[in-house]
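# Structural characterization, general
Residues per chain, in single letters:
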Amino acid sequence: MKLVRFLMKLSHETVTVELKNGTVVHGTIIGVDMSMNTHLKSVKMTVKNRDTITMDTLSLRGNNIRPEPRRRKWHSEEGVVEGEGVAEEEEGVAAGVVGGGGGGGPPPGKR
């Protein structure tokens, strides 16, 4: 499962997200878009080596979220949420889509 799809499923869950710059953000997910932009409410943000800041809402740009593909379990207030493994099938193969090209052999007109 891609991280963006997983975050979309966590709508209305309270989560802790680490950013690439070391900032830790704790809040409740309002929504996530396909660019992984994450919108949170009731936010507590701790910038690395600084005091905690409290905000009503915060939007995180998707490419700033630190992905952790090795984790299989994610913690939320509801308990542990199981994620799928790191090795996934590629989308086209999983959907049964196979390459549309012809077989081997010379190109047309070269026979």
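A short tour of the structure in this document, coming up.

Cut-off values and rules
- Per chain, residue numbering runs from 1 following the sequence as it is written.
- At least 70 in pLDDT is required for a residue's local features to be given in this predicted model, at least 80 for side-chain atom pairs to be given and counted, and no such filter applies to totals for whole chains, interfaces and linings, which use all residues.
- Heavy atoms from the whole structure form the basis of all side-chain values; hydrogens and water molecules are not counted.
- We count a stretch as a helix when DSSP gives it H or I for four or more residues in a row; a strand needs E for two or more, and each element gets its number in order from the N terminus.
- Relative accessible area decides the class of each residue, using a 1.4 Å probe on protein chains only: under 20% of the type maximum gives buried, over 50% gives exposed, and in between gives partly exposed.
- Residue contacts are counted whenever heavy atoms from the two residues lie within 4.5 Å of one another.
- Pairing between strands is defined by DSSP: at least two bridges between the two strands are required.
- For helices, the fitted axis covers only the stretch in contact; all axes are lines through C-alpha atoms, and the angles between them, taken along N-to-C directions, range from 0 to 180 degrees.
- Criterion for a salt bridge: a side-chain nitrogen of Lys or Arg within 4 Å of a carboxyl oxygen of Asp or Glu.
- To qualify as a nonpolar core, a set must consist of buried Ala, Val, Leu, Ile, Met, Phe, Trp, Tyr and Cys residues joined through side-chain atoms within 4.5 Å.

## Describing the overall build of the protein chain
If you tally the helices and strands in the protein chain, you get 2 helices and 6 strands. Evaluated residue by residue, the protein chain yields a buried proportion of 25% over its 111 residues. In the protein chain, the share of contacts with a sequence separation of at least 24, taken over all contacts with a separation of at least 6, comes to 37%.

## Details of the sheet that holds strand S2 (residues 24-32)
Taken in spatial order, the 4 strands of this open sheet run S1-S2-S3-S4, and their pairing is antiparallel. Only two strands of the sheet have a single neighbouring strand rather than two, namely strand S1 (14-18) and strand S4 (52-60). Direction aside, neighbouring strands of the sheet carry axes that sit 30° apart on average. Relative to strand S3 (residues 38-46), S2 is paired through 7 bridges, and the arrangement is antiparallel. Bridge pairing in S3 places Gly31 opposite His39.

## Here's the deal with the pattern of salt bridges
Applying the stated rule across the entire model yields 1 salt bridge. Here Glu18 makes a salt bridge to Arg66, at a shortest N to O gap of 2.7 Å. Of this pair, Glu18 sits in strand S1 while Arg66 sits in the loop between S4 and strand S5 (73-76), and the two are 48 residues apart along the sequence. With a relative accessible area of 30%, Glu18 lands in the partly exposed category.

## Focus on the nonpolar core
Residues Val25, Ile29, Leu40 and Leu60 are the most contacted members of the largest nonpolar core, which totals 17 residues. Discounting residues that sit within four places of it in the chain, Leu40 has contacts with Val15, Val25, Gly27, Thr28, Ile29, Ile30, Asp56, Thr57, Leu58 and Leu60.

## Observations regarding the pairing of S1
As judged from the 5 bridges shared by S1 and S2, these two strands associate in the antiparallel manner. The residue of S2 that forms the bridge with Val17 is Val25. Between S1 and S2, which pair antiparallel one after the other, the connecting turn spans 5 residues, and Gly22 there sits at a positive phi close to 95°.

## Observations regarding the pairing of S3
Hairpin remark: S2 followed by S3, antiparallel, with 5 residues in the connecting loop; positive phi at Met36, about 70°. With 8 bridges joining them, S3 and S4 adopt antiparallel strand pairing. Paired with Val43 across the strands is Met55, a residue of S4. Between S3 and S4, which pair antiparallel one after the other, the connecting turn spans 5 residues, and Asn49 there sits at a positive phi close to 65°.

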